[in-house]
Amino acid sequence: MSKTVLMQGNQACALGAIHAGVRFFAGYPITPSTEVAEIFAEELPKIDGRFIQMEDEIASMGAVLGASLAGVKAVTATSGPGFSLKQELIGFGAAAEIPAVVVNVQRVGPSTGQPTSPAQGDVMQARWGSHGDRGVIALSPGSVLEAYTLMVDAVNLSERFRTPVIFLMDEVIGHMRESVTLPNPEELKIINRRVLQPGELPYRPLEDGVPPMAVFGEGFYYHVTGLIHDETGFPSGKPEVTQKTIKRLHQKIENNLPEILRFQTIDCEDADYIIIAYGGTARSAEAALTLLKEKGQKVGLLRLMTIWPFPYQLVSEVCQKAKKVIFPEMNYGQLVGEAKKVLGDKVIPVNKYDGEMMPPEAIVEIIEKLGKGEE
């Protein structure tokens, strides 16, 4: 039975993972994500799960991938500096197609930066942090409730597409407390990886581009490597195998966008100005929307919950009739560049990177100036 509770975003994130079937967590404490680990440490032993505090972030990522290979849904959590250390093994997880979720509660950087201040500075790192070409799924919640529901989605998507999924919160959402009514866990849609059957090859994809997965210790023997490999799992130096493998790592995501993209549109149909926002900044955008409508402005909001793969077609379709598109971010300008690829100079960035929350007034001011013919 669902009930209303006061909950922190980091807590909601951990509970969402547990209710999605996660039974293993390995990590290393770092502000502002530490509460995620604390909840797992408290709750997993109650349900025959395992919590391990590793010696560093690299080891924790390796432990999570190992647990996943053994058939257990697994999560790790960190912030910017730890996210940097995890990148090599995130790339390994993508190449070897190992389901896992990496929670990154963002803070101001670079380097140690401002450990307790909000930012959205790891957006491009989530996409391009590890070397090489691969598809990426990254989700960004805008509320405590979404920290729960989107985390369930993140676990499901990692299992469905055999890939590490990045759960990109910002400190505002991670440390915020809100009154939320969580869904009944028994009513959640849960996706489990498809299991390899006798006679199938461990890296031979099904029609959707995703291969079924063998579980170590359950009768199948197969090779796991970060090298380019053929359908048996063993390394191959053939150019045709290399091209086919890299292309599939992209297309298993690109060809299934309806399953992956999460977004919300508010009053975009006849808007003169549309705001595109995600994460904690979307809350400021919603407040700005209310203020502007009170002043008679025709404004809409496209709120992105899936930020990778970036929804180019969606952005183009929703924003095609708008005079201008406002893109607020708590960084020097990152995801806005993707919008500019399809909308060009119609997009106006609003950037804040001083360690404080984006105020709604910063967005309101820009749109009011546009309404008066000022740039």
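Draft legend 1. Spotlight on the sheet that holds strand 14 (residues 347-351). The five strands are arranged 9-11-10-13-14 in an open sheet whose pairing can be described as mixed. With one partner strand each, in any of the chains shown, strand 9 (263-266) and strand 14 form the two edges of the open sheet. On average, each strand axis in the sheet is tilted by 20° relative to the strand beside it, whichever way the strands run. Relative to strand 14, strand 13 (residues 324-329) runs parallel, the two being bridged by five bridges. Bridge pairing in strand 14 links Pro328 to Val350. Running at roughly 165° to strand 11 (residues 299-304), helix 10 (residues 279-294) makes contact with strand 9, strand 10 (273-278), strand 11 and strand 13 of the sheet.

Draft legend 2. Molecular detail of the packing of aromatic side chains. As enumerated under the stated definition, the model contains seven aromatic pairs in all. Considering the side-chain rings of Phe25 and Phe40, the 4.8 Å spacing of their centres and the 20° angle between planes classify their relative orientation as stacked. Of the two residues, Phe25 sits in strand 2 (residues 24-27) while Phe40 sits in helix 2 (residues 34-43), which places them 15 residues apart along the sequence. Residue Phe25 is classed as buried on the basis of its relative accessible area, which comes to 1%. Taking the relative accessible area as the measure of exposure, Phe40 reaches 0% and is therefore buried. Here the aromatic cluster, defined as three or more aromatic residues joined through ring pairs, consists of Phe25, Phe40 and Phe51. Over the aromatic face of Trp128 sits the side chain of Arg127, whose NZ or CZ is 3.9 Å from the ring centroid. Directly above the ring of Phe161 sits Arg160, whose terminal nitrogen or CZ lies 4.5 Å from the centroid.

Criteria and cut-off values
Residues numbered from 1 in each chain as written. Predicted model: local features only at pLDDT ≥ 70, side-chain atom pairs only at ≥ 80, totals over all residues. Heavy atoms only, no water. Pairing = 2+ DSSP bridges. Helix = DSSP H or I, 4+ residues; strand = E, 2+ residues; numbered from the N terminus. Axes fitted to C-alpha atoms, helices over the stretch in contact; angles between N-to-C directions. Contact = heavy atoms within 4.5 Å. Phe/Tyr/Trp six-rings, centres within 6.5 Å; stacked < 30°, edge-to-face > 60°. Buried < 20%, exposed > 50% of the residue type's maximum accessible area, 1.4 Å probe, protein only. Lys NZ or Arg CZ within 6 Å of the ring centre and 35° of its normal.

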